[in-house]
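Close look at the chain arrangement
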Amino acid sequence: MQAQLLAPAAVLVLWSLIMLYWMAFTRLPALKKLGGGGGLRDAKPGGRGQDLEGVIPDQVQWKAHNYAHLMEQPTIFYAAVLILAVMGPGSWDVLLAWIYVGLRIIHSVYQATVNVVKVRFLFFLLSSIALTILAIRAVMATLFNDPTLVAA
């Protein structure tokens, strides 16, 4: 069961890297179109991705915004999954982990392409609910240290 619970986390790690490359492969051409086509060669020393806001098209920046999101809330997911994997996950934990990862991937694709905030927020909210339940189950598994609480 531990491997089954760790699989969604591994998929989200890989997905985060896919978003990193998607961001890079859309940003670099946009940078080349700026001032003389120098791209990274013309970047100011110490420049950061945030410096590109309003400089390159918003649609290009959406990938960067999503990549940043994947470095934020999913860190809680990774911790919860590891706690449950160590303590002995139940089948509900595996299902919730896959729901979370599926919704985060949908959120990523939607944010990187369409990006209507009220729709994107729904994906975020649903994934946050799944994560909250996983976090509660991780607390139950550790605080009460009773394997019957996490066995489903």
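Check the entry above for the structure.
Let us look at the structure shown here. Just so we're clear, the structure is a prediction, and the values are computed from it rather than from any experiment. (Residues numbered from 1 in each chain as written. Predicted model: local features only at pLDDT ≥ 70, side-chain atom pairs only at ≥ 80, totals over all residues. Heavy atoms only, no water.)

1. Here's the deal with the packing of aromatic side chains
Following the criterion strictly, the structure yields 5 aromatic pairs and no others. A centroid spacing of 5.6 Å and a plane angle of 70° characterise the contact between Tyr-110 and Phe-123, whose relative ring orientation is edge-to-face. Remark: Phe-123 occurs in helix 5 (residues 117-143) and Tyr-110 occurs in helix 4 (residues 91-113); sequence separation between them is 13 residues. Looking at Tyr-110, the relative accessible area reads 16%, which means it is buried. Classification of Phe-123 as buried rests on a relative accessible area of 17%. Here the aromatic residues Phe-77, Tyr-78 and Tyr-100 are joined through ring pairs into a cluster of three or more. (Phe/Tyr/Trp six-rings, centres within 6.5 Å; stacked < 30°, edge-to-face > 60°. Helix = DSSP H or I, 4+ residues; strand = E, 2+ residues; numbered from the N terminus. Buried < 20%, exposed > 50% of the residue type's maximum accessible area, 1.4 Å probe, protein only.)

2. Details of the packing of helix 1 (residues 2-32) against helix 2 (residues 58-70)
Contact geometry for helix 1 and helix 2: axes closest at 8 Å, N-to-C directions at 150°. Comparing their axes, helix 2 and helix 1 come out roughly antiparallel. Between helix 1 and helix 2 the crossing geometry is left-handed. Of the residues in helix 2, those in contact with Leu-12, Trp-15, Ser-16, Met-19, Leu-20, Trp-22, Met-23, Thr-26, Arg-27 and Ala-30 of helix 1 are Val-60, Gln-61, Lys-63, Ala-64, Asn-66, Tyr-67 and Leu-70. A class-by-class count of the residues in the contact of helix 1 with helix 2 yields 11 nonpolar, 4 polar and 2 charged. (Axes fitted to C-alpha atoms, helices over the stretch in contact; angles between N-to-C directions. Parallel < 35°, antiparallel > 145°, perpendicular 65-115°, else oblique. Left-handed = near helix turned anticlockwise from the far one by under 90°. Contact = heavy atoms within 4.5 Å. Nonpolar A, V, L, I, M, F, W, Y, C, P; charged D, E, K, R; others polar.)

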